[in-house]
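The chain contents come next:
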Amino acid sequence: MANYPRSEAILSRNARFIPGGVVSTNRAVDPPIVFEKAEGAWMWDVEGNKYLDYHAAFGPYVLGHGDASVNDAVRKVIDDKRSLFGSGTTELEGRLGEIVCGAVPFVDSIQVLNTGSEATYQALRLARAATGRSHIIKPQGGYHGWHNDVACNLMTPLEVVGKRRVAEEYPFLPISAGIPEEHSRLVHIVNFNDLESVEVMCQRYPIAALITEPILQNIGVVHPLPGYLEGLRRLADRYGFVLIFDEVKTGFRHALGGYSAISGVHPDLVVYGKAIANGYPIAVIAGKRELMDLFISPDASKRVLLAGTYNAHPVPTAAAIATIERLAEDDGAVYRHLEALGARMQVGLEEILRKDGTAAVVARQGSAFCLYFMDHLPVDWHDVAGNHDAALDGRLREMLLSHGVYFFQLPMKQCSLSAAHTEADVDATLLAVERSMAAILQPVAGSLS
Ligand SMILES: Cc1ncc(COP(=O)(O)O)c(C=O)c1O
């Protein structure tokens, strides 16, 4: 495997000042390649290698790195001296509200924050204020950020999932230390695609909200089964909880109104981030007026605080406006391009793996895809954790590096195409996969059988 001497030197130098040398510990991967530049579909590392990027920095780059129209909008904000004023409103934030509400017909208003985690945090708080209840439900395998409510029991190890007496044997399994154990009493973990478990929780606890990614895109691409999202909507109406779709990954990447628009199932609150601003840090909560107006309720006991020095900073706000305008152009030409590239990738991957005789499936939604080494499309986290050959996945990802293709170096991580990718890029990637698989599967010289 290749060496990355400059990257390793930078990492060890950084480790003097940053724990582990990497800011944001979920970015620490092996090999520890240090990138220094990206443009369109390509990234360059400090060793001088060039890669086709399918990581897209965990998803934001729907238009590709450094999209000219988005960067022009950002430059204009700076040239026009539209500083962060921190007092009153701005025309820009109003324009973002108008454009999001125009793109998502089932919402009346928005609030603007900086990150997906902040937005899911506020959405849950809003749901609790609206219902006067504290309990929430979240499916296993969904990621909604780093805060206490959603960082408990995220992707539970297999030896633990499925046990009825989990609470006694493993009282609390957060993905982070430092989360008070009390949270485990308020957060109830269910299986994705399992309506019955949601109903059981609703019968046991006064549920304020169910938060879910409509497609699980932090463990690859796990689709809702037909009727699942509709079933959640019905249960929300029956039991009076707030249905929150976390579209931080799916929103604006798959369609202007996110997966809610594609599925036709409308949540009470929806959260967007990532692709909404093509790499600039912004997140949006959107919903019906009666819920959103709790941010300004005259009744202080119902009013939800929303504050943040950098909320609706003009740079990411302008980037979001420009991104959505690009995505809306020519009746969604970008989405048509992404769908065509995604389909080409899927068909090509399936053909390669069929020829290899490897048990594998390709899960895909538009520009987002994931190759699972298992014999069926997964339906939930247990299925992925129990059946996917993560070791083979890891080897393929590592092997692709030497062919100039960057999939995030962790098994099961979803790949994302951007509008800057071309058919030729997809074909080059397919060739790289074919060669990598051939190298991985070739019989070891001298082996029997
Ligand atoms: C579905 C989902 N929700 C929320 C978040 C958190 O967003 P952020 O990292 O911007 O805080 C993420 C991040 O990966 C995500 O994928």
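The rules we used
Residues numbered from 1 in each chain as written. Predicted model: local features only at pLDDT ≥ 70, side-chain atom pairs only at ≥ 80, totals over all residues. Heavy atoms only, no water. Domains from an automatic or database assignment. Contact = heavy atoms within 4.5 Å. Buried area = accessible area lost by both parts, 1.4 Å probe. Salt bridge = Lys/Arg side-chain N within 4 Å of Asp/Glu carboxyl O. Helix = DSSP H or I, 4+ residues; strand = E, 2+ residues; numbered from the N terminus. Axes fitted to C-alpha atoms, helices over the stretch in contact; angles between N-to-C directions. Parallel < 35°, antiparallel > 145°, perpendicular 65-115°, else oblique. Left-handed = near helix turned anticlockwise from the far one by under 90°. Nonpolar A, V, L, I, M, F, W, Y, C, P; charged D, E, K, R; others polar. Buried < 20%, exposed > 50% of the residue type's maximum accessible area, 1.4 Å probe, protein only. Polar contact = N/O pair within 3.5 Å; in protein donor to acceptor, adjacent residues only side chain to side chain. Core = buried A, V, L, I, M, F, W, Y, C linked by side-chain atoms within 4.5 Å. Phe/Tyr/Trp six-rings, centres within 6.5 Å; stacked < 30°, edge-to-face > 60°. Lys NZ or Arg CZ within 6 Å of the ring centre and 35° of its normal. Pairing = 2+ DSSP bridges.

### Re the domain arrangement of the protein
Right, so step 1: Split by domain assignment, the protein resolves into domain 1 (5–66 + 331–441) and domain 2 (68–326).
Right, so step 2: Here the C-alpha centre of domain 2 lies 25 Å away from the C-alpha centre of domain 1.
Right, so step 3: The interface is formed by 33 residues belonging to domain 1 together with 36 residues belonging to domain 2.
Right, so step 4: When the two sides are added together, the surface that domain 1 and domain 2 hide from each other amounts to roughly 2800 Å², 55% of it contributed by carbon and sulfur.
Right, so step 5: When the area that domain 1 buries against domain 2 is broken down by residue, the three leading residues are Tyr335, Gln365 and Trp381, summing to 26%.
Right, so step 6: Scanning the region where domain 1 abuts domain 2 turns up zero salt bridges.
Right, so step 7: When contributions to the side of domain 1 that touches domain 2 are tallied by element, the ones reaching two or more residues are α11 (314–356), β11 (361–365), β12 (368–372) and α12 (381–387).
Right, so step 8: The dominant element in the side of domain 1 that touches domain 2, judged by the number of residues it contributes, is α12, at five residues.

### As for the packing of α11 against helix α14 (residues 423–441)
The description of two helices packed together rests on the angle between their axes and the distance between the axes.
Right, so step 1: Orientation of α11 relative to α14, taken along the N-to-C sense of each, is 20 degrees, at an axis distance of 10 Å. Judged by the angle between their axes, α11 and α14 are roughly parallel. Regarding α11 and α14, the two cross each other, and that crossing is right-handed. Counted together, Leu341, Arg344, Met345, Gly348, Leu349, Ile352, Leu353, Lys355 and Asp356 of α11 and Glu423, Val426, Asp427, Thr429, Leu430, Val433, Glu434, Met437 and Leu441 of α14 form the full contact between these two elements.
Right, so step 2: Taken together, the residues that form the contact of α11 with α14 break down as 10 nonpolar, two polar and six charged.

### Some details on the environment of Phe58
Right, so step 1: Counting through the fold element by element, Phe58 comes out in the loop between β3 (50–53) and α2 (68–79).
Right, so step 2: Judged by relative accessible area, which is 17%, Phe58 ranks as buried.
Right, so step 3: Phe58 sits 333 residues away from Ala391 along the chain, and the two C-alpha atoms are 21 Å apart.
Right, so step 4: Phe58 has contacts with Asn26, Arg27, Lys249, Lys274 and Phe408, leaving out every residue within four places of it along the chain.

### Points about the side chain of Ser297
Right, so step 1: One can find Ser297 in the loop between α10 (289–292) and α11.
Right, so step 2: Here Ser297 falls in the buried class, since its relative accessible area comes to 10%.
Right, so step 3: For Ser297, the side chain forms a polar contact with the main-chain nitrogen of Asp299, separated by 3.1 Å.
Right, so step 4: With sequence-adjacent residues up to four places away left out, Ser297 is seen in contact with Lys302 and Arg303.

### Quick look at the nonpolar core
Right, so step 1: Counting 69 residues, the largest nonpolar core has Leu96, Val100, Val198, Phe241, Phe252, Tyr272 and Ile276 as the members making the most contacts within it.
Right, so step 2: Broken down by element, this core gets its largest block of residues, 11 residues, from α11.
Right, so step 3: When residues of this core are assigned to domains, at least three map to each of domain 1 (5–66 + 331–441) and domain 2 (68–326).
Right, so step 4: In this view, Tyr272 contacts Val100, Val104, Glu247, Val248, Gly251, Phe252, Gly257, Ala283, Val284 and Ala286; residues no more than four positions away in its chain are not counted.
Right, so step 5: In this structure, Ala41, Met399, Val433 and Ile440 belong to the second largest nonpolar core, which totals 26 residues.

### Thoughts on the packing of aromatic side chains
Right, so step 1: Under the definition given, this model contains nine aromatic pairs.
Right, so step 2: With 6.1 Å between their ring centres and 80 degrees between their planes, Tyr51 and Tyr406 make a pair best called edge-to-face. Of this pair, Tyr51 sits in strand β3 while Tyr406 sits in strand β13 (residues 405–406), placing them 355 residues apart in sequence.
Right, so step 3: Residue classification places Tyr51 among the buried positions, given a relative accessible area of 1%.
Right, so step 4: Taking the relative accessible area as the measure of exposure, Tyr406 reaches 4% and is therefore buried.
Right, so step 5: Between Tyr54 and Phe407, the ring centres sit 5.5 Å apart and the planes meet at 75 degrees, which makes this aromatic pair edge-to-face. Of this pair, Tyr54 sits in the loop between β3 and α2 while Phe407 sits in the loop between β13 and β14 (415–416); the two residues are 353 residues apart in sequence, bridging distant segments of the chain.
Right, so step 6: Of the residues examined, Phe407 reaches a relative accessible area of 4% and is grouped as buried.
Right, so step 7: Through a chain of ring-to-ring contacts, three or more aromatic side chains come together here, namely Phe35, Tyr51 and Tyr406.
Right, so step 8: Above the face of the Trp44 ring, Lys37 is positioned so that its terminal group lies 4.5 Å from the ring centre.

### A look at the pairing of strand β4 (residues 109–113)
Right, so step 1: With four of five residues buried, β4 lies mostly within the body of the structure.
Right, so step 2: Sheet topology places β4 next to strand β10 (residues 283–287); five bridges connect them, and they run antiparallel. Across the sheet, Ser109 pairs through a bridge with Gly287, a residue of β10.

### What to know about the packing of α2 against α11
Right, so step 1: It is the contact of α2 with α11, at a shortest axis distance of 8 Å, that shows an interaxial angle of 145 degrees. Crossing of α2 against α11: the hand is right-handed. Counted together, Ser69, Val70, Ala73, Val74, Val77 and Ile78 of α2 and Pro314, Val315, Ala318, Ala319, Ala322, Thr323 and Arg326 of α11 form the full contact between these two elements.
Right, so step 2: Of the residues belonging to the contact of α2 with α11, the class tally is 10 nonpolar, two polar and one charged.

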